[in-house]
Amino acid sequence: DAKTTQPTSMDCAEGRAANLPCNHSTISGNEYVYWYRQIHSQGPQYIIHGLKNNETNEMASLIITEDRKSSTLILPHATLRDTAVYYCIVRVGLDKVIFGPGTSLSVIP
Amino acid sequence: DTGVSQNPRHKITKRGQNVTFRCDPISEHNRLYWYRQTLGQGPEFLTYFQNEAQLEKSRLLSDRFSAERPKGSFSTLEIQRTEQGDSAMYLCASSPTGVLQPQHFGDGTRLSIL
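Thresholds applied
Residues numbered from 1 in each chain as written. Chains lettered and ligands numbered in written order. Predicted model: local features only at pLDDT ≥ 70, side-chain atom pairs only at ≥ 80, totals over all residues. Heavy atoms only, no water. Helix = DSSP H or I, 4+ residues; strand = E, 2+ residues; numbered from the N terminus. Rg over C-alpha atoms; globule rule 2.2 N^0.38 Å. Buried < 20%, exposed > 50% of the residue type's maximum accessible area, 1.4 Å probe, protein only. Areas by Shrake-Rupley, 256 points an atom, 1.4 Å probe, with all protein chains shown as cover. Lys, Arg positive; Asp, Glu negative; His and termini not counted. Charge placed at Lys NZ, Arg CZ, Asp CG, Glu CD. Pairing = 2+ DSSP bridges. Axes fitted to C-alpha atoms, helices over the stretch in contact; angles between N-to-C directions. Contact = heavy atoms within 4.5 Å. Buried area = accessible area lost by both parts, 1.4 Å probe. Salt bridge = Lys/Arg side-chain N within 4 Å of Asp/Glu carboxyl O. Nonpolar A, V, L, I, M, F, W, Y, C, P; charged D, E, K, R; others polar. Phe/Tyr/Trp six-rings, centres within 6.5 Å; stacked < 30°, edge-to-face > 60°. Disulfide = S-S within 2.5 Å. 1 Å grid on protein atoms, 1.4 Å probe; cavity = no way out; pocket = protein on both sides within 12 Å on 5 of 7 lines; lining within 4 Å. Points joined across faces, edges and corners; volume = space filled by probe spheres on them.

A. Expanded view of the overall build of chain A. When you go through chain A residue by residue, the secondary structure sums to 0 helices and 9 strands. N-terminal to C-terminal, the α/β element order of chain A is β-β-β-β-β-β-β-β-β. Over its C-alpha atoms chain A spans a radius of gyration of 13 Å, differing by no more than 12% from the 13 Å that the globule rule assigns to 109 residues. Taken over the C-alpha atoms alone, chain A extends approximately 40 × 30 × 25 Å along its principal axes. Burial statistics for chain A: of 109 residues in total, 43% are counted as buried. When the accessible area of chain A is evaluated, it comes to approximately 5500 Å², of which 50% is carbon and sulfur surface. Counting 9 positive and 10 negative side-chain charges, chain A places the averaged centre of each group 3 Å from the other.

B. Main features of the sheet that holds strand 4 (residues 45–50) of chain A. Residues and elements named next belong to chain A. Taken in spatial order, the 5 strands of this open sheet run 1-9-8-3-4, and their pairing is mixed. The open sheet is flanked by strand 1 (9–13) and strand 4, the only strands paired with a single partner. Looking at each pair of strands side by side, their axes are set apart by 25 degrees on average, direction ignored.

C. Broad picture of the interface of chain B and chain A. Listed as interface residues are 21 residues of chain B and, on the opposing side, 21 residues of chain A. Interface area, chain B with chain A, both sides summed: about 1600 Å², of which 56% is carbon and sulfur. Here chain B is connected to chain A by 0 salt bridges. Counting only elements with at least two residues in the side of chain B that touches chain A, the list comes to strand 4 (31–37) and strand 5 (44–50) of chain B. Tallied by class, residues from the side of chain B that touches chain A come to 10 nonpolar, 7 polar and 4 charged.

D. The packing of aromatic side chains, seen in detail. All names here are of chain B. What the rule picks out here adds up to 14 aromatic pairs over all chains. Seen from their ring centres, Tyr-35 and Phe-45 are 6.0 Å apart, and the 75 degrees between their planes marks the pair as edge-to-face. Here Phe-45 lies in strand 5 and Tyr-35 lies in strand 4, a separation of 10 residues in the sequence. Neither residue differs from the other here; Tyr-35 and Phe-45 are each classed as buried.

E. Looking closely at the state of the cysteines. Applying the stated rule across the entire model yields 2 disulfides over all chains. Residue pairing for A:Cys22: its cysteine sulfur links by disulfide to A:Cys88, the two sulfurs lying 2.1 Å apart. On the sign convention where negative is left-handed, the bridge of A:Cys22 and A:Cys88, at about -80 degrees about the S-S bond, is left-handed. In this pair, A:Cys22 sits in strand 2 (residues 18–23) while A:Cys88 sits in strand 8 (residues 84–91), placing the two residues 66 residues apart along the sequence. For the pair shown, A:Cys22 and A:Cys88 are each scored as buried. Each sulfur in the disulfide pair B:Cys23 and B:Cys92 lies 1.8 Å from the other. In this structure the cystine formed by B:Cys23 and B:Cys92 twists about its S-S bond by roughly -70 degrees; its chirality is therefore left-handed. Separated by 69 residues along the polypeptide, B:Cys23 in strand 3 (residues 19–24) and B:Cys92 in strand 9 (residues 88–95) bring together distant segments of the chain.

F. Up close: the layout of surface pockets. A volume near 510 Å³ is recorded for the largest pocket. Forming the boundary of the largest pocket are 24 residues, of which A:Gln38, A:His40, A:Ser41, B:Gln37 and B:Leu39 lie nearest the centre. Contributing elements (two or more residues each) for the lining of the largest pocket: strand 8 and strand 9 (103–108) of chain A together with strand 9 of chain B. No other element matches strand 8 of chain A, which puts 3 residues into the lining of the largest pocket. Of the residues assigned to the lining of the largest pocket, the class counts are 9 nonpolar, 13 polar and 2 charged. Its boundaries defined by the atoms lining it, the second largest pocket holds a volume of some 210 Å³. Taken together, 13 residues line the second largest pocket, and the ones lying closest to its centre are A:Ile98, A:Phe99, B:Pro43, B:Glu44 and B:Phe45. The residue makeup of the lining of the second largest pocket, split by class, is 7 nonpolar, 4 polar and 2 charged.

Right, dumping it as structure tokens:
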């Protein structure tokens, strides 16, 4: 899988949008961008994925640059419950997910 | 959909003992994965199954580790002769067969070796 780089940690004020960046400059044409998050003492939770078009679901939006070398996960109105480690992953599809260290997001009251 | 269930949630054992963990995937999910996670790190892939067939094993899975999924439903992960370095969170995930299907994770079994 292509390697991704993310900031180690970020802060966000409660109620504001949280924008989490991810660089994946070596992504291949058939690799998708996936985001998971892991709240303390829980297993990772799937958030969203995309190939080249922007995607939105009930949890978040995913913005992928036109050259696909980077993406941003957007939590539109962050709450304290969004405090977690966020993982950006690229994968072809069927097999294992390779996690990096992720971004630790702290939502501050 | 009851989610992926893992038991026990916590296991404390002495070095040298054998331990076994169980994972019950989401029903009708053909694929089942095991990961290990140590403090401050992302989960690391160990192995995965398509139904009852074990299709891939990481080099992290030493000969002291064995995983089974005998009837293509639940899975067990056994660690023999546990060592201090085996202390970690062991995570199970499942997914339907199909390209791009996300993996759904359980909340893990935390293993502590005394």
